[in-house]
Amino acid sequence: MSDAFIVGVGQTVFARHPGRTLRDLAVEAALAAVEDAGLDVGQIDAVFFANTAQGYHEGQHSIRAQVALQGTPLSGTAMINVENACAGGSTALHLAGLAVRSGQYRRVLALGADKLFVPDDPGKTFGAFATAFDVSKAEEHLARLLDLRQQSVAALRARRPELAGRLVEPQGGGSHSVFMDVYSAFAIWHMARYGSTPEQLAAIAAKNHRHGAANPKAQIRLEMTPEAVLADRVVSWPLTRSMCAPVGDGAAAAVVVDEPGMRACPGRAVRIRASTLASGTHRAVDATAEDVAARTASAAYRQAGLGPRDVHVAELHDATAFGELHQLEVLGFCEEGRGGEFALAGDGAVGGRQPINPSGGLECRGHPISASGLAQIHELVLQLRGEAVGRQVEGARIALAENGGGNLGYEEAALCIHILEA
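Notes on the structure follow.

Details of the overall build of the protein
The helix and strand tally for the protein stands at 16 helices and eleven strands. Its C-alpha atoms give the protein principal-axis dimensions of about 65 × 45 × 40 Å. By residue count, 60% of the 422 residues in the protein fall in the buried class. If you take every contact in the protein between residues at least 6 apart in sequence, the share linking residues at least 24 apart comes to 77%. Carbon and sulfur atoms make up 51% of the accessible area of the protein, which amounts to about 15500 Å² in all. Here the protein carries 37 positive and 46 negative side-chain charges, and the mean point of each set is 2 Å from the other.

Set out below in structure tokens:
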């Protein structure tokens with residue numbers, strides 16, 4: 001099969017947009033990507049449209065793309081609806097790349113859009129996340145994760161009493177996604193096993209706040225010190241509010257073309273060197289070599305003919321600061337158990353050894369579910385073009401995006417990796 005190239009990207013500002021519809025956001029991102037590619041909308045052969053929450057919030061299922069894009073210049077184009085939890089946007093890109101490489105289409109738009117913010121009903125906002133489990137076994141699944149947390153707390157008290165003394169037990173009445181409790185359980189497990197600390201998580205969050213402050217598309221543009229991150233409101237210990245992705249709305253898009261289309265965009269095209277997608281399993285919690293991200297990344301490295309040390313800049317799925325720490329390890333950017341040390345050393349900052357989340361990541365750029373994976377691509381394309389003003393990674397030629405979603409067992413239900421080359 002032939003290569004596929006990204007020649008245009010677009011993204012809305014991620015924020016709470018109570019006065020804008022899903023269609024407003026989707027069309028803005030789509031038209032921005034097509035314009036960035038130097039194409040007319042009529043030249044787009046197909047659209048892969050990712051959306052997760054519209055069915056839950058509005059009851060619109062089945063034909064979300066066709067409804068969102070009706071009455072626009074894209075109306076009448078071939079449209080394929082994609083739903084893959086928080087990995088929806090990157091899955092749309094994965095499919096778009098396959099469609100172009102197969103020769104089925106020459107110019108394809110991958111588009112992800114979601115509206116999560118419900119002004120009058122925060123419970124409904126967070127309830128959307130709870131659908132990304134096996135709902136037929138939700139009680140059993142959550143009981144297993146609660147048991148993991150309790151076992152990890154006991155291990156923390158036995159092995160790391162200095163950390164256990166700082167533990168804050170969950171308080172009733174909190175308003176947050178159930179995924180924050182999932183990340184909390186894994187963070188405590190990691191602390192008990194490897195000795196990672198809240199200070200290391202705070203270093204990750206502070207770094208992402210610094211990056212996000214330089215990103216005009218980011219939802220949170222506020223620099224914070226590690227001390228301020230630690231002092232913020234506890235969501236689910238050891239995670240504070242500043243370590244967690246905010247709720248918001250937004251859309252992002254990318255135009256994928258074949259080689260002739262690439263040659264029409266000199267200096268603007270980015271090659272998709274690898275694109276891999278895999279699903280989670282019910283592995284043992286300590287079987288980290290079988291982690292879905294480790295398996296998917298291994299396949300991507302093989303496909304690209306590269307290794308983790310060849311990556312100049314990466315966007316990782318940091319729904320919490322611990323998410324970034326975990327992915328640093330399983331993707332091979334540092335040794336297992338050393339993600340916190342990587343963060344404290346400043347290796348993941350712009351100007352560091354291997355910059356991570358120069359966009360601010362989900363923690364600061366925001367996380368409108370199906371838009372997040374394509375927002376990562378938006379950032380990395382800017383980086384590879386040398387256009388990421390205020391946060392540019394100098395000399396970046398190879399970039400990696402990791403985007404996961406949902407939960408099965410002890411890992412993501414769906415996870416996608418892209419490796420891009422300038």
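Details of unusual backbone geometry
The step from Trp237 to Pro238 runs through a cis peptide bond, and the omega angle for that step is 5°. Inspection of the secondary structure puts Pro238 in the loop between β5 (234–236) and β6 (239–240). A positive phi angle, near 55°, is found at Asn357, a position not held by glycine. Checked against the element boundaries, Asn357 lands in the loop between α14 (339–344) and α15 (361–365). Judged by its relative accessible area of 0%, Asn357 falls in the buried class.

Looking at the pairing of strand β7 (residues 249–257)
By the criterion of burial, β7 is predominantly enclosed, with nine of the nine residues buried. Residue alternation in β7 divides its side chains into two sets, Asp249, Ala251, Ala253, Val255 and Val257 and Gly250, Ala252, Ala254 and Val256, and both sets are buried. Note: strand β1 (residues 5–11) against β7, six bridges, orientation antiparallel. Residue pairing for β7: Gln11 is matched across the bridge by Ala252.

Some details on the packing of aromatic side chains
Tallying each qualifying case throughout the model produces two aromatic pairs. Ring centres of Phe186 and Tyr410 lie 6.3 Å apart, and the angle between their planes is 75°; this geometry places the pair in the edge-to-face category. A residue pair is termed long-range when its members are at least 10 positions apart, and Phe186 in helix α8 (residues 178–194) and Tyr410 in the loop between β10 (398–405) and β11 (414–421) qualify at 224 residues. The exposure class of Tyr410 is buried, given its relative accessible area of 18%.

Focus: helix α13 (residues 321–330)
The buried count for α13 comes to ten of ten residues, which makes it a mostly enclosed element. Within α13 the residues assigned to the buried category are Ala321, Phe322, Gly323, Glu324, Leu325, His326, Gln327, Leu328, Glu329 and Val330. Gly332 sits one or two residues past α13 and shows a positive phi near 90°.

Topic: the pattern of salt bridges
On inspection of all chains with the given rule, the structure shows 25 salt bridges. Residues Arg268 and Asp36 are paired through a salt bridge, measuring 2.6 Å at the closest nitrogen-oxygen approach. Of this pair, Arg268 sits in the loop between α11 (259–263) and β8 (270–279) while Asp36 sits in helix α1 (residues 22–36), and the two are 232 residues apart along the sequence. Taking the relative accessible area as the measure of exposure, Asp36 reaches 21% and is therefore partly exposed. Lys115 is the partner of Asp249 in a salt bridge, and the nearest nitrogen-oxygen pair spans 3.1 Å. Residue Asp249 is located in strand β7, and its partner Lys115 is located in strand β4 (residues 107–115); the two are separated by 134 residues in the primary sequence. On the accessibility criterion, Lys115 (16% relative accessible area) is buried. In the salt-bridge network here, residues are joined through shared partners; they are Asp3, Arg271, Arg273 and Glu421.

Things to note about the sheet that holds strand β2 (residues 46–50)
The strand order β3-β2-β4-β7-β1-β8-β11-β10-β9 describes an open sheet built from nine strands, whose pairing is mixed. With partners counted over all chains shown, the strands left at the sheet margins are β3 (78–82) and β9 (313–315), one partner each. On average, each strand axis in the sheet is inclined to that of its neighbour by 25°, with strand direction left out of account. The sheet contact formed by β2 and β4 spans five bridges and is parallel. If you follow Ala50 over to β4, its bridge partner there is Gly112. Along the sheet face, α1 touches β1, β2, β4 and β7 and points at about 30° away from the line of β7.

Concerning α8
Between the first and last C-alpha of α8 there are 25 Å, a value that for 17 residues agrees with the 24 Å anticipated at 1.5 Å per step. Taken across its 17 residues, α8 has 13 buried, putting it largely inside the fold. Taken from the residues just after α8, Gly195 is the one with a positive phi, measuring 85°.

Rules of the game
- Residues numbered from 1 in each chain as written.
- Predicted model: local features only at pLDDT ≥ 70, side-chain atom pairs only at ≥ 80, totals over all residues.
- Heavy atoms only, no water.
- Helix = DSSP H or I, 4+ residues; strand = E, 2+ residues; numbered from the N terminus.
- Buried < 20%, exposed > 50% of the residue type's maximum accessible area, 1.4 Å probe, protein only.
- Contact = heavy atoms within 4.5 Å.
- Areas by Shrake-Rupley, 256 points an atom, 1.4 Å probe, with all protein chains shown as cover.
- Lys, Arg positive; Asp, Glu negative; His and termini not counted.
- Charge placed at Lys NZ, Arg CZ, Asp CG, Glu CD.
- Pairing = 2+ DSSP bridges.
- Phe/Tyr/Trp six-rings, centres within 6.5 Å; stacked < 30°, edge-to-face > 60°.
- Salt bridge = Lys/Arg side-chain N within 4 Å of Asp/Glu carboxyl O.
- Axes fitted to C-alpha atoms, helices over the stretch in contact; angles between N-to-C directions.
- Expected span 1.5 Å × (residues − 1).

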